[in-house]
Structures are given as C-alpha cells and as structure tokens.
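One letter stands for each residue in the lines below.
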Amino acid sequence: MQVKETVADGLKHEFQVSLPAAEIDAKVDARLADMKDKVRINGFRPGKVPVAHLKKVYGRSVAAETLEQMIRDTNAQIFSERGFRLATEPKVTMPTEEKEIEAILAGASDLNYSVAIEVVPAIQLADFKTFNIEKPVADVSDADVDEAIKRIADQNRPYEAKGDGAKVETGDRVTVSFKGTIDGTAFDGGTAEDIQVVIGSGSFIPGFEEQLVGIGEGETRTLKVSFPTNYAAANLAGKAAEFETTATKIEAAKDAVIDDEFAKTLGLESLDKLKEIMRERLTQEFAGATRQRVKRILLDRLDEAHRFDPPPSLVDEEFNLMWNSIKAEMESGGKTFADENTTEDAAKEEYRKIADRRVRLGLVLSEIGDKNKITVTDDEVSRAVVDRARQMPGREKEVWDFYRKNPNALAQLRAPIYEDKVVDFILELANVTDKKVSREELYKDDDEKSAA
C-alpha cells in the first residue's frame, strides 16, 4: 500500500492511495478459500470445489466486496495513524473507465483511488473550575399563585344570556350556525350548527370573529375571510371564502368567584388545596426556567472559552437546515425580511454566525463527554420514549413503534439527554452561586429572546 497526501488545507486533507494488484488478488483468493466449505455447487462434493472454479463463478462479486472492505480498512488506518477525527464521511473517488475497472476486479491492475476528508480540529478544553456562574432563583409568591389561579378562572368563567336586543361585543360568547362557500361552492368542513365563539379569543380564522361584533340574536351576516396560507387543509390554504352566519345566542362573560366552590368545579376539595397544587406547579416551572437560564449562561461561557474554526461542511449543513426552516416559516406566514426590519443578506450572515456557534459548542460538548466517558444508557433513552408516548394518550404504541423503527428519531432523543449530562458534569466543577431574582427577572431573558 502506498499513501501520498496531496492536499493539506486547514481541516481539509486528501490522499492518493495505491493498493497493489498482488495484495488485492491474495485477499480475494483468501475469501474464496474461506467459501469452499460454505457453498454448494452441483457436481462437487462439499468442501471440494476448486478455488479456481469458485473464482470463475464468484470472482467478480467477491473482488468487489474485497475491494470495498480493503478501502474501508485502508482509510481507517490512514486516519488512525494521523490521529484524525472525521467531521464528515470520507469522499472516495474511484477509477471510472470500464477497462481499468475490469482489470482491477480481475486482479491484473493496482487500485488507485483518492480519498478527501474534513477533520475535527484539536480542541483545548478550558478549566471548568474557573467558571463563575450565577444561578437566578425566584421564589413563588402568594401573588404568583393568585395570578395563576385567576388565569384558570378566566378560562373557566361562566356566561349568561345578554337578553333581548343585545349586540355582540368583544369578550362575549356567541352561538352561531354557518355555511361556508368558496366561489359559490360549499366545501367539506365549511358547514356547522350551534358552534360557540368567544369574540377576541382568536380561535377561528382571521377576520371571522371580528365581523361578528355588533350582530344581534337571530341576525344573519355574510362573513368574508381568507384562509391562512399555512392552513392545515392544503385545499383551503390561502383561499377566499364566505360564511353565511346566523347568531342564535349571545352571552356575556361573568367574573368567576374564586372560592371553595370554584375549586370543587376543578375536582379539588378546597381553595387551599388548589393554591397548594398551583404553588407546586409554579415551583416546578420556576425550576425549569432556572435550569434553562443556567444552561444558557454556561453555553455562553463555553462559547467564549473555546474559539476555533469548526469544519466548514458542518457549519454549512447546520446553516442550511436553519435557513430552509426560516424560509419555509416566512413563506407560510406571508412575511418578508423587510417585515423583520432586515435584509436577506443580513439575515443569512446572522444565521451563519448562529450555525458556527452551534457546531463549535456541539464539538466542545462532545469532546468533554468523550474525555470524561459520559454516556447515555439505553434505559435513559427508553424513559425518554415513554415520556413522549405519555404526551399522546391513546397512541402510545404508535409512538413506541415509530422510535423503534427510526434510528434517526431515536438519536434525536439521545442527543439532548447527552447534552444535559455534559452540562451537569461541568456545573459540578464550576463555581455556581444562587442569585435571588423576581419572577419577572427570571423570565426576562426568555421574553427578550422571543422578541428578537
């Protein structure tokens, strides 16, 4: 075997490799000899088939398999000897001329091929014991509990009829019957009887609720609306429609009385029990928000401490995934870059920076996990699948079968578990101190990022 490095450009390397015909032929003969006791050919006793005859019958296919294995083994040896960690799959370029290929398969010619790779750079990990991280912690106040219960009460508030001559106002609940048409033709799902609509809830397609404001009981109106471009039913998406709509009942919302009786409507014995359960739920929510803030702070610290050029192909792949998603989302929402106060070029530049950061942090977390033997067990992945299944009552088996049959989907569950275990490992070494904050401060960073 002869190996010559022809390209060494940063993280990109390319090698010209030559495998001697004699070596190829010897390995082919060895595989054929190994087949003697395993194949059955008419006219020959088991184990007595001459290798020459096997070569005549199976020589081409065995040679192809042998070459494939030799290339894999040779490449692995080249990369291992140089301490390379591959960022992507090797790109092997083989001879293309038919005569040359036939000569190689027949053992009459050396195999000359090239292999191009992109490698992961050597990563010098920071000393995590020098990391100082403030963990924002918020206590659940009585006001937080009362506010959460009020939101539940608002969602379950009672309604009462407004009486004769009443007109629909925002916040009212109106019962309607309607018949929808597109270009004068009724469509599936466009007709309904006695449907309750809370005006201002945004539960119907844009424009539907707003045009009901001012309608009276027994009155019929033709509502003109357009289905969103990202509407679930593709045959309706983006189309203009008319709904002949009749209001049959108009009700006004009443303020819910938050007391023991209200708690009982939720299946609890008292208001105190409702407050207790809500405090526990908010405590878990605050803890989750704290975890996300600490993780983000830590990732920012890792980003600052590990500056290197990641493999361009990985950055390109990450960028393309994000960019395609962003473009699809904007198109479905009918938005332009101007609507976001930016340009396409500026947005691309920003998302490429994000892709660069994601790839670098992924490589750093992987390096930390490898060096400290952090792994994800099958039991941990199975528990994650069970959690997913529980989120879809009645379809548990369907979810389980989906992950069992889709290794890529299973890997997507494994990745965040691995990341969290690495994060926990670093936090154990770092100097983490609690910082008391208000609920508003705890969630402020999330609000700002959502707005951005």
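Numbers given for residues are sequential positions, taken from 1 along each chain in its written order. Two thresholds apply to this predicted model, a pLDDT of at least 70 for residue-level local features and 80 or more for giving and counting side-chain atom pairs, whereas whole-chain, interface and lining totals are computed over all residues. The side-chain numbers reported here are obtained from all heavy atoms of the structure, hydrogens and water having been left aside.

Colleague: Can you explain the sheet that holds strand β3 (residues 91-93)? Please cite residues and give values.
Modeller: A sheet is described by the order of its strands in space; here four strands give the open sequence β1-β2-β4-β3, paired in antiparallel fashion. Each having just a single partner strand, β1 (2-9) and β3 make up the two edges of the open sheet. On average, each strand axis in the sheet is tilted by 20° relative to the strand beside it, whichever way the strands run. Bridge count between β1 and strand β2 (residues 12-19): seven bridges; the pairing is antiparallel. Looking at β2, one finds that lysine 4 is bridged to glutamine 16. When DSSP locates at least two bridges between a pair of strands, those strands are taken to pair. Numbered from the N terminus, helices here are DSSP runs of H or I no shorter than four residues, and strands are runs of E no shorter than two. Only the stretch in contact is used when fitting a helix axis, every axis being a line fitted to C-alpha atoms; angles between N-to-C directions are given from 0 to 180 degrees.

Colleague: Mind laying out the packing of aromatic side chains, listing which residues take part and the relevant values?
Modeller: Ring pairs are drawn from Phe, Tyr and Trp, using the six-membered ring of Trp, whenever the two centres fall within 6.5 Å, and their geometry is named by plane angle: stacked under 30 degrees, edge-to-face over 60, tilted for the rest. A complete count under the given rule lists 15 aromatic pairs for this structure. A ring pair is formed by phenylalanine 402 and tyrosine 403, whose centres lie 5.2 Å apart and whose planes are at 75°; its orientation type is edge-to-face. Summary of the burial criterion: residues with accessible area below 20% of their type's maximum are buried, those above 50% are exposed, and those between are partly exposed, where the area comes from a 1.4 Å probe applied to protein chains only. On the basis of relative accessible area, phenylalanine 402 is assigned to the partly exposed category, the value being 43%. Classification of tyrosine 403 as buried rests on a relative accessible area of 9%. Counting every residue linked through ring pairs, the aromatic cluster contains Phe178, Phe187, Phe204, Phe208, Phe227, Tyr231 and Phe243. Two conditions define a charge sitting above a ring: the NZ of Lys or the CZ of Arg must be within 6 Å of the ring centre, and it must be within 35 degrees of the ring normal. The side chain of arginine 352 reaches across the aromatic face of phenylalanine 319, ending 4.3 Å from its centre.

Colleague: Before we move on, can you summarise the side chain of aspartate 144 with the specific residues and values?
Modeller: Tracing the chain through its elements places aspartate 144 in helix α4 (residues 142-155). Positive charges come from Lys and Arg, negative ones from Asp and Glu, while His and the chain ends are left out of the count. The salt bridge criterion pairs a side-chain nitrogen of Lys or Arg with a carboxyl oxygen of Asp or Glu, the two atoms within 4 Å. Salt bridges are absent for the buried aspartate 144, whose nearest opposite-charge side chain, arginine 439, sits at 4.4 Å. We call two residues in contact when some of their heavy atoms are within 4.5 Å. Ignoring sequence-local partners within four residues, the contact set of aspartate 144 consists of Asp139, Leu282, Phe286 and Arg439.

Colleague: Which residues make up the packing of helix α9 (residues 378-390) against helix α10 (residues 396-405), and what values go with them?
Modeller: Packing of α9 against α10 leaves a shortest axis separation of 9 Å and a crossing angle of 140°. Overall, the two elements α9 and α10 adopt an arrangement that is oblique. Crossing of α9 over α10 shows right-handed handedness. Contacts between α9 and α10 involve Ser382, Val385, Val386, Arg388 and Ala389 from the first element and Glu396, Val399, Trp400 and Tyr403 from the second. When residues are grouped by polarity, Ala, Val, Leu, Ile, Met, Phe, Trp, Tyr, Cys and Pro land in nonpolar, Asp, Glu, Lys and Arg in charged, and all others, Gly among them, in polar. Considered class by class, the residues forming the contact of α9 with α10 number six nonpolar, one polar and two charged. Throughout this description, any angle smaller than 35 degrees is read as roughly parallel, any larger than 145 degrees as roughly antiparallel, any in the 65 to 115 degree range as roughly perpendicular, and the remainder as oblique. Helix crossings fall into two classes, left-handed where the near helix is turned counterclockwise from the far one by less than a right angle and right-handed where it is turned clockwise.

Colleague: I'd like a rundown of the pattern of salt bridges, residues and numbers included.
Modeller: Scanning all chains against the criterion turns up 37 salt bridges. Glutamate 134 is the salt-bridge partner of lysine 435, the closest N and O atoms lying 3.9 Å from each other. Taken together, the residues lysine 435 in strand β11 (residues 431-436) and glutamate 134 in strand β5 (residues 132-137) connect sequence positions 301 residues apart. Assessed through its relative accessible area of 45%, glutamate 134 is described here as partly exposed. The closest approach of N and O atoms between glutamate 261 and lysine 264, which form a salt bridge, is 3.6 Å. Placement of both glutamate 261 and lysine 264 in helix α5 (residues 260-265) is noted, with a separation of three residues, approximately one turn of the helix. Within the structure, one salt-bridge network assembled from shared partners comprises Asp300, Asp303, Arg307, Asp356, Arg357 and Arg360.

Colleague: Which residues make up α9, and what are the values?
Modeller: Given a rise of 1.5 Å per residue, 13 residues ought to cover 18 Å, and the 18 Å separating the end C-alpha atoms of α9 matches this to within 8%. Buried residues along α9 sit against α10 and α11 (407-429). For a helix, the expected span equals 1.5 Å multiplied by the number of residues minus one.

Colleague: Just give me the short version of the side chain of threonine 66, but keep the residues and values in it.
Modeller: Note on placement: threonine 66 falls in helix α2 (residues 51-81). Discounting chain neighbours no more than four positions away, the residues touching threonine 66 are Ile24, Lys27, Val28 and Arg31.

Colleague: Account for unusual backbone geometry, naming residues and giving values.
Modeller: Of note in the backbone geometry, aspartate 183 takes a positive phi value of approximately 55° without being a glycine. Note on placement: aspartate 183 falls in the loop between β7 (173-182) and β8 (185-198).

Functional significance is not addressed by these values, which are geometric in nature.
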